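Listed below, chain by chain, are the residues.
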Amino acid sequence: MPQISKRIVDAASPGVKPFFIWDSRLAGFGLQVLPSGAKSFVYQYRNAHGRSRRATIAKVGTLTPDKAREHAEAMAATVKAGDDPLAQRQERRHAATVNDLFDAYLESEKFAGKAESTKAIDRGRIERHLRPVLGKKPADALTSEDVMRAFAAIRDGKTAKSVKTKARGLARVTGGEGAARMAIRLLRAVLTWAQRDWRVANNPAAGVDIGTDGEREAVLSADEYERLFKTLDVMENERRVRQPVADAIRVIALTGARRGEVAGLRWSHVDLQTGRIVLPPASHKTGRRTGKPRVISLPAVAQEIIARQPAGNPGDRVFQPSQGEGDINLSKPWRSIRAEAKLPEGIGLHGLRHSLASHLAMGGAQAAEIMQSLGHRQLSTAARYIHWADGARAVLAERAAAPALAGLAAASGKPSADVVAISGGKDRR
C-alpha cells in the first residue's frame, strides 16, 4: 500500500467498479475512486460495537491529501476514545442551525461550480436577507411557516440597511417583493442540496407560495434607443463617463450580451475576422452546466466598437477597468446614464438584453433563434429545435440590433450606412 499523495491521487484512474487505495501511514485512511471519476478521501473504522463504518472526509480538490489525513487522524483519536465519528457528525447536523447550513453550502462543490457573478449575488442574498431572518433557527426544525414569515419580512423591508462593501463602497439593501422571491428561491435550492448532502429530512420552502414575477423590464423604443446613444455620446465627450464604459454599454445594447460577459470579456474570446465572440464554458452563465461555449455574433457596429479598444494580450480585458477594479464597473455609471437618457425607471443593464430579445420576437424570430442568440439553457425544448448555421447567427445578430442601430444612427445624425464609423460621437477611424 502506498502513502496517499497528490501523485497517487492524480494517477488513480476510474475502473468499471468503485475501488479504494489505502494509506500505508494511517490505517483506515484511503482514497475512493468511482467509475464516474469522482474521488473522495475516506476513513474506515470499527465502532465500539464492532460495526464497520466508513466516513467520507472530503471530495478530492477540496482538501490536500495531507489535510485529509489530519482529519482522519482526528477521527482515529475519536474511535480510540470509544466514540463514533459518524454518529457525532449526525448529532452535529441535527443540532445545526440554518446559519451552519448556509456555511456548509457556501463551502460546497455545488456552490463552487457557479459562475463568480452568481456566487456574489447568492452570497449577498444569504448574508443580507436570509441569515438575519432565519439563521438562528434549527435546520431540522425549519417549517413552511418560518419560510413564509421570512418572505414577508424581506418583502416588507425588515432586512433593509446600508452595508459598507469597501473603503468607499456602500451597498443599500432595500428588500421588496422581488428581492424576497429571489431569496426564497435560493433558500429552496440550498435546502434541496441539504436533503442530499446533509440529509435534511424535508424542504419546507418547496411548497411556499411566493407569487410570480411580473414584467420586470420595459422594451426600449427606437426613440429611447436614440436617447440612450445620444446620452452616451454627450457624457463621454464631457468626460463624465469613461470611453470603455460607454463602449461596453453600447455593445450590450447591440448584442444582448450579459453585463458580466462584456465586463469580463478577454481578447482571447474575440474573433473580429468572423465577427463573433466565443466565450468558453467557464466564462458564461450556462456553460458550467452545459460544458459548451457561447457564441455571440457581432453586428458591424459592435465589431467597430471592439476593434477601437486598445490592443492587449489574449488574457487582457477588452474594456479596460479603472485602477483597482477587477472587471470594469458598469452598474454605477449606468444609473446616471439611465436617468439622463430618461429611460424607464428601474430598467437595468439586463433590461437591454430583455429589450433586444423582445424586438427579436416581434421581428418574427423563432424561440430556437432567441435561445441560441442569447445563450439561454432550455434542454427540455432544445431537442425540438433545428440548429441553425453560424452564418445564420450573423444575420440574426444584425436583425436583432436593428432598433438599436436606428437609434444610434439618429443620435449621430449620420445615415445608417455610416453608423459603423461612429465612435462615441466622434469618428475615430
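Residues numbered from 1 in each chain as written. Predicted model: local features only at pLDDT ≥ 70, side-chain atom pairs only at ≥ 80, totals over all residues. Heavy atoms only, no water.

Draft legend 1. View of the overall build of the protein chain. Of regular secondary structure, the protein chain possesses 19 helices and 11 strands. In the protein chain, of all internal contacts separated by at least 6 residues, the share reaching a separation of at least 24 is 58%. When the accessible area of the protein chain is evaluated, it comes to approximately 22500 Å², of which 50% is carbon and sulfur surface. (Helix = DSSP H or I, 4+ residues; strand = E, 2+ residues; numbered from the N terminus. Contact = heavy atoms within 4.5 Å. Areas by Shrake-Rupley, 256 points an atom, 1.4 Å probe, with all protein chains shown as cover.)

Draft legend 2. Here's a closer look at the packing of aromatic side chains. Across all of its chains, the model carries six aromatic pairs by this definition. Judged by centre distance (5.5 Å) and plane angle (70 degrees), the ring pair of Tyr105 and Trp193 falls under edge-to-face. Here Trp193 lies in helix H8 (residues 177–197) and Tyr105 lies in helix H4 (residues 98–106), a separation of 88 residues in the sequence. Taken together, the ring pairs connect Tyr105, Phe111 and Trp193 into an aromatic cluster. (Phe/Tyr/Trp six-rings, centres within 6.5 Å; stacked < 30°, edge-to-face > 60°.)

Draft legend 3. Looking closely at the nonpolar core. Formed by 45 residues in total, the largest nonpolar core has its most connected members in Phe229, Leu254, Ile306, Phe319, Trp334 and Leu352. Counting residues per element, the ones that place at least two in this core are helix H9 (222–237), helix H10 (243–255), helix H11 (259–263), strand E8 (276–279), helix H13 (300–307), helix H14 (331–340), helix H15 (349–362) and helix H19 (402–412). Ignoring sequence-local partners within four residues, the contact set of Phe319 consists of Pro244, Asp247, Ala248, Val251, Val262, Leu265, Ile306, Gln309 and Ile328. Grouped together as the second largest cluster of nonpolar side chains are 30 residues, Phe102, Leu106, Leu187 and Leu191 included. (Core = buried A, V, L, I, M, F, W, Y, C linked by side-chain atoms within 4.5 Å. Buried < 20%, exposed > 50% of the residue type's maximum accessible area, 1.4 Å probe, protein only.)

Draft legend 4. Structural context of the pattern of salt bridges. Under the criterion given, the structure shown has 23 salt bridges. Taking the shortest distance from any N to any O, the salt bridge between Arg258 and Glu261 comes out at 2.8 Å. Neither Arg258 nor Glu261 differs from the other in exposure class; each is buried. When the shortest N-O distance is used, the salt bridge between Arg266 and Asp327 registers 3.5 Å. (Salt bridge = Lys/Arg side-chain N within 4 Å of Asp/Glu carboxyl O.)

Draft legend 5. Summary view of the sheet that holds strand E9 (residues 294–297). Ordered in space as E7-E8-E9, the three strands form an open sheet in which the pairing is antiparallel. Only two strands of the sheet have a single neighbouring strand rather than two, namely strand E7 (270–271) and E9. (Pairing = 2+ DSSP bridges.)

Draft legend 6. Highlighting the side chain of Thr231. Checked against the element boundaries, Thr231 lands in helix H9. Judged by relative accessible area, which is 8%, Thr231 ranks as buried. Beyond its immediate stretch of four places on either side in the chain, Thr231 contacts Ile337, Glu340 and Ala341.

Draft legend 7. Local environment of the pairing of strand E1 (residues 19–22). Inspection of the sheet shows E1 paired to strand E2 (residues 29–33) by four bridges, in the antiparallel sense. Across the sheet, Trp22 pairs through a bridge with Gly30, a residue of E2.

Draft legend 8. Seen up close, the environment of Val200. With respect to the helices, strands and loops of the structure, Val200 is situated in the loop between H8 and H9. When the C-alpha atoms of Val200 and Leu101 are compared, they prove to be 9.8 Å apart, with 99 residues separating the residues in sequence. Residue contacts for Val200: discarding those within four places in its chain leaves Ala194 and Gln195.

Draft legend 9. Expanded view of the side chain of His269. Counting through the fold element by element, His269 comes out in the loop between H11 and E7. With a relative accessible area of 10%, His269 lands in the buried category. Discounting chain neighbours no more than four positions away, the residues touching His269 are Gly264, Arg276, Ile277, Val278, Leu279, Pro280 and Ser283.

Draft legend 10. Structural view of H10. Compared with the 18 Å implied by 1.5 Å per residue over 13 residues, the 18 Å span of H10 between its first and last C-alpha is a close match. For H10, a buried count of 12 out of 13 residues is recorded, marking the element as mostly surrounded by other parts of the structure. The complete set of buried residues in H10 reads Pro244, Val245, Ala246, Asp247, Ala248, Ile249, Arg250, Val251, Ile252, Ala253, Leu254 and Thr255. Positive phi appears at Gly256, one or two residues downstream of H10, with a value of about 75 degrees. (Expected span 1.5 Å × (residues − 1).)

Draft legend 11. The pairing of E9, seen in detail. Neither face of E9 is left uncovered, since the one carrying Arg294 and Ile296 and the one carrying Val295 and Ser297 both have all their residues buried. Where E8 meets E9, four bridges bridge the pair, whose relative direction is antiparallel. Paired with Val278 across the bridge in E9 is Val295.

Draft legend 12. The arrangement of H13 in detail. The set of residues buried in H13 consists of Val301, Ala302, Ile305 and Ile306. An end-on view of H13 places all buried positions within 135 degrees of arc, on one side of the element. On its buried face, H13 is in contact with H10, E7, E8 and H19. (Arc of directions from axis to C-beta.)

Draft legend 13. Structural detail: the packing of H9 against H10. Relative to each other, H9 and H10 sit at 170 degrees, their axes nearing to 10 Å. As summarised for this structure, H9 and H10 are arranged roughly antiparallel, according to the angle between their axes. Between H9 and H10, the contacting residues are Leu228, Phe229, Leu232, Asp233 and Glu236 on the first element and Gln243, Ala246, Ile249, Arg250, Ala253 and Leu254 on the second. Within the contact of H9 with H10, the residues separate by chemical class into seven nonpolar, one polar and three charged. (Axes fitted to C-alpha atoms, helices over the stretch in contact; angles between N-to-C directions. Parallel < 35°, antiparallel > 145°, perpendicular 65-115°, else oblique. Nonpolar A, V, L, I, M, F, W, Y, C, P; charged D, E, K, R; others polar.)

Draft legend 14. Seen up close, the packing of H10 against H13. At a minimum axis distance of 10 Å, the contact between H10 and H13 shows a crossing angle of 160 degrees. What the angle tells us is that H10 and H13 run roughly antiparallel. The element H10 and its partner H13 pack so that their crossing is left-handed. Listed contacts from H13 to Asp247, Arg250, Val251, Leu254 and Thr255 of H10 are Val301, Ala302, Ile305 and Ile306. Taken together, the residues that form the contact of H10 with H13 break down as six nonpolar, one polar and two charged. (Left-handed = near helix turned anticlockwise from the far one by under 90°.)

Draft legend 15. Spotlight on the sheet that holds strand E4 (residues 52–59). With respect to topology, four strands assemble into an open sheet ordered E1-E2-E3-E4, the strand pairing being antiparallel. Edge strands, defined here as strands with exactly one partner in the open sheet, are E1 and E4. Across the sheet, the mean angle from the axis of one strand to that of its neighbour is 35 degrees, orientation sign disregarded. Bridging between strand E3 (residues 39–46) and E4 involves seven bridges; their strand directions are antiparallel.

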